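Residues per chain are reported as follows:
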Amino acid sequence: MQRKRGKIMDYIERMEQEYIELVGRTEKLYKGIKTLEGLTADELGLMYVQYYSMKNYEEILLRRISLAKELGKAI
């Protein structure tokens, strides 16, 4: 039982680290969108698509972390 709980915590910690890194990359992309000059409409459009995709993934990852924590408590 202890071994399984340890694996779940490692899994959660990896997801939390991924989330922190993702938030940083998302913020950096948004800053680029707002400050870079000379972007074509296509480039800007694709950057926004990427930004919103990353924001959606942030939300999904947070939900996965919450679920893993709930399930981990049940063990």
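The present account deals with the structure reproduced in this document. (Residues numbered from 1 in each chain as written. Predicted model: local features only at pLDDT ≥ 70, side-chain atom pairs only at ≥ 80, totals over all residues. Heavy atoms only, no water.)

Some thoughts on the packing of aromatic side chains
Piece 1. By the definition in use, this model includes 3 aromatic pairs.
Piece 2. Ring centres of Tyr-30 and Tyr-51 lie 5.0 Å apart, and the angle between their planes is 35°; on these two criteria the pair is classed as tilted. Highlighted residues: Tyr-30 in helix 1 (residues 2-35) and Tyr-51 in helix 2 (residues 41-74), separated in sequence by 21 residues.
Piece 3. Residue Tyr-30 is classed as partly exposed on the basis of its relative accessible area, which comes to 34%.
Piece 4. Plain terms: the ring middles of Tyr-51 and Tyr-52 are 5.2 Å apart, the flat faces sit at 70° to each other, and that makes the pair edge-to-face.
Piece 5. An aromatic cluster is present here, built from Tyr-30, Tyr-48, Tyr-51 and Tyr-52 joined pairwise through their rings. (Phe/Tyr/Trp six-rings, centres within 6.5 Å; stacked < 30°, edge-to-face > 60°. Helix = DSSP H or I, 4+ residues; strand = E, 2+ residues; numbered from the N terminus. Buried < 20%, exposed > 50% of the residue type's maximum accessible area, 1.4 Å probe, protein only.)

Some points on the environment of Leu-71
Piece 1. When you line up the elements, Leu-71 lands in helix 2.
Piece 2. Exposure remark for Leu-71: the relative accessible area of 52% places this residue in the exposed category.
Piece 3. Counting along the chain gives 27 residues from Leu-71 to Leu-44, while the straight-line C-alpha distance between them is 41 Å.

Here's the deal with the side chain of Thr-26
Piece 1. Among the structural elements, Thr-26 can be located in helix 1.
Piece 2. When sequence neighbours within four positions are dropped, the list of residues in contact with Thr-26 reads Tyr-51, Met-54, Lys-55 and Glu-58. (Contact = heavy atoms within 4.5 Å.)

Section: the side chain of Glu-58
Piece 1. With respect to the secondary-structure elements, Glu-58 resides in helix 2.
Piece 2. Judged by its relative accessible area of 7%, Glu-58 falls in the buried class.
Piece 3. Ignoring sequence-local partners within four residues, the contact set of Glu-58 consists of Tyr-19, Leu-22, Val-23 and Thr-26.

Quick notes on the pattern of salt bridges
Piece 1. Applying the stated criterion across every chain, the model contains 2 salt bridges.
Piece 2. A salt bridge links Glu-16 to Lys-69, with the shortest nitrogen-to-oxygen separation between them at 2.9 Å. Residue Glu-16 is found in helix 1, and its partner Lys-69 is found in helix 2; the two are separated by 53 residues along the sequence.
Piece 3. Judged by relative accessible area, which is 38%, Lys-69 ranks as partly exposed.
Piece 4. The closest approach of N and O atoms between Lys-55 and Glu-58, which form a salt bridge, is 3.3 Å. Placement of the pair is Lys-55 and Glu-58 together in helix 2, with a separation of 3 residues, close to one helical turn.
Piece 5. A relative accessible area of 31% places Lys-55 in the partly exposed class. (Salt bridge = Lys/Arg side-chain N within 4 Å of Asp/Glu carboxyl O.)

Interpretation note: all reported values are geometric properties and have no functional meaning in isolation.
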